Amino acid sequence: MNRPLIWLALDGVGHPADAPAGSPWETELPTLRPLIDAGLALDATLGAPGLPQSATGQTTWLTGQDGVAAMKGHFGPQPGPTLRRLLDTASLPVRLTQVGARAALLNAYPPGYVEAQARRAHHGCFPYSFLAAGLPLNPPGTPSAPLPLLSPTLGLEYRSPWAARGGPIHGGAGDWWRTGKALAAVRGYDLLVFDAWFSDMLGHLGRETPPDGLLAVAGEYLRRLDALLSGLLEAGAAVVLSSDHGNFENLGVKSHTTARVPFAASGVSLTLPDGSRPTNVLEGGQTLQGLYGL
């Protein structure tokens, strides 16, 4: 590719079509919702009982292999030895690196995370797969083109009341639009990935009576994601958006859900090698591999 594919890998975000009334998806999202509504809604259960989990779902997306079958059920949140073996050999960052392509994880990892992992490594699937490929966390880019790294909270505080850093909760979307434009201008990479895990963390705070402010911050998070996406698309970036399982779309429960998940794109075609459209997350992962001829 003469420009990188930018993969927005949402965590725990079920499709709007499977969301209950009063969902965060009712937020006004002029760029994000049209993209998702024009895309696909994929099954995340892969025929297994129980609730889909992050480690098996993300491994499936990253490798195009059935992580649920490998574990004989849903498993998460972090990958254990069985899933790590799949990620070591078949994840997209590993396979791209093996054929001389360039990939980078866009998440900004604070020193505390790096120190904690040095004491006891328990990475999620995305950082694990990039490290397995021999690629660094917090990649600097090149001297002439530094990478704009992203806060997974998109500038919101990690804990309640989730105030925006340096401003009111409803400020800051313009900054993410500019960040999207800057990302779209990056060259010299074949794949850039944003592991957007904050949505799953917010989803797990759901209750029959959600905590005060939870719906507001969930909507604000989506507005910031919408602004980032708007900057990307206005600058002509090729973008893929996915999710591993449901959760955030239903703040009336604290658990994951069996909702279908979004798979949407701009600038690339979401079809399998035989020309058919994917129907589940396994076929979604195979579609991503196929975009690179893998």
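Residues numbered from 1 in each chain as written. Predicted model: local features only at pLDDT ≥ 70, side-chain atom pairs only at ≥ 80, totals over all residues. Heavy atoms only, no water.

Trainee: Help me understand the overall build of the protein chain, please; the structure alone is not making it clear to me.
Mentor: Across its full length, the protein chain carries eleven helices and eight strands. Taken over the C-alpha trace, the protein chain has a radius of gyration of 18 Å; the compact-globule value for 294 residues is 19 Å, and the two agree within 12%. Once the C-alpha set of the protein chain is aligned to its principal axes, its extents read approximately 50 × 50 × 45 Å. Taking all 294 residues of the protein chain together, 53% fall into the buried category. Long-range contacts, defined as pairs at least 24 residues apart, comprise 76% of the intrachain contacts of the protein chain with a sequence gap of at least 6. For the protein chain, the accessible area works out to roughly 11900 Å², and carbon and sulfur atoms hold 54% of it. The averaged location of the 23 negative side-chain charges in the protein chain is 7 Å from the averaged location of its 20 positive side-chain charges. (Helix = DSSP H or I, 4+ residues; strand = E, 2+ residues; numbered from the N terminus. Rg over C-alpha atoms; globule rule 2.2 N^0.38 Å. Buried < 20%, exposed > 50% of the residue type's maximum accessible area, 1.4 Å probe, protein only. Contact = heavy atoms within 4.5 Å. Areas by Shrake-Rupley, 256 points an atom, 1.4 Å probe, with all protein chains shown as cover. Lys, Arg positive; Asp, Glu negative; His and termini not counted. Charge placed at Lys NZ, Arg CZ, Asp CG, Glu CD.)

Trainee: Would you mind showing me how to read the sheet that holds strand β2 (residues 40–42) here?
Mentor: In a beta sheet, neighbouring strands are held together by backbone hydrogen bonds and run either parallel or antiparallel to one another. Taken in spatial order, the six strands line up as β2-β8-β7-β1-β6-β3 in an open sheet, and their pairing is mixed. The open sheet terminates on both sides in strands that have one partner only, identified here as β2 and β3 (103–105). Strand after strand, the sheet turns through a mean of 20° between neighbouring axes, direction not considered. As paired elements, β3 and strand β6 (residues 191–196) share three bridges and run parallel to each other. Within the sheet, the bridge partner assigned to A104 lies in β6 and is L192. Along the sheet, helix α7 (residues 125–132) contacts β1 (5–10), β3 and β6; its crossing angle with β3, the most-contacted strand, is approximately 140°. Seen against the sheet, helix α11 (residues 281–291) touches β1, β2, β7 (238–243) and β8 (261–266) and runs at an angle of roughly 20° to β8. (Pairing = 2+ DSSP bridges. Axes fitted to C-alpha atoms, helices over the stretch in contact; angles between N-to-C directions.)

Trainee: What should I look at first to understand the packing of aromatic side chains in this one?
Mentor: Aromatic rings in a pair are described by how distant their centres are and how their planes are angled relative to each other. In this structure the tally under the stated criterion is six aromatic pairs. Measuring from centroid to centroid gives 5.3 Å for W7 and F126, while their planes differ by 75°, and the two rings are edge-to-face. One end of the pair, W7, is in strand β1; the other, F126, is in helix α7, and 119 residues separate them in sequence. Accessibility assignment for this pair places W7 and F126 in one class, buried. Each member of the aromatic cluster is reached from another via a ring pair, and the members are Y158, W197, F198, Y221 and F248. (Phe/Tyr/Trp six-rings, centres within 6.5 Å; stacked < 30°, edge-to-face > 60°.)

Trainee: For this particular structure, what's the right way to read helix α4 (residues 81–90)?
Mentor: Every α-helix winds through 3.6 residues per turn, so residues three or four apart in the chain are directed the same way. Looking at α4, one finds that the buried residues are L83, L86, L87 and A90. Within α4, the buried residues cover an arc of 100° as seen down the axis, which keeps them to one side. Away from the buried face of α4 by more than 90 degrees, exposed residues P81, R85 and T89 are located. Along its buried surface, α4 packs onto α2 (54–63), α3 (67–71), α5 (92–98), α7 and α11. (Arc of directions from axis to C-beta.)

Trainee: Got a minute to help me understand the packing of α4 against α7 in this structure?
Mentor: Two quantities define a packed helix pair, namely the angle between the axes and the distance from one axis to the other. Axis separation between α4 and α7 bottoms out at 9 Å; the angle between their running directions is 50°. As far as their axial angle goes, α7 and α4 are oblique. Viewed along their axes, α4 and α7 form a crossing whose handedness is right-handed. For the pair formed by α4 and α7, the contact residues are R84, L87 and D88 on the first element and C125, Y128, S129 and A132 on the second. The residue inventory of the contact of α4 with α7, partitioned by class, reads four nonpolar, one polar and two charged. (Parallel < 35°, antiparallel > 145°, perpendicular 65-115°, else oblique. Left-handed = near helix turned anticlockwise from the far one by under 90°. Nonpolar A, V, L, I, M, F, W, Y, C, P; charged D, E, K, R; others polar.)

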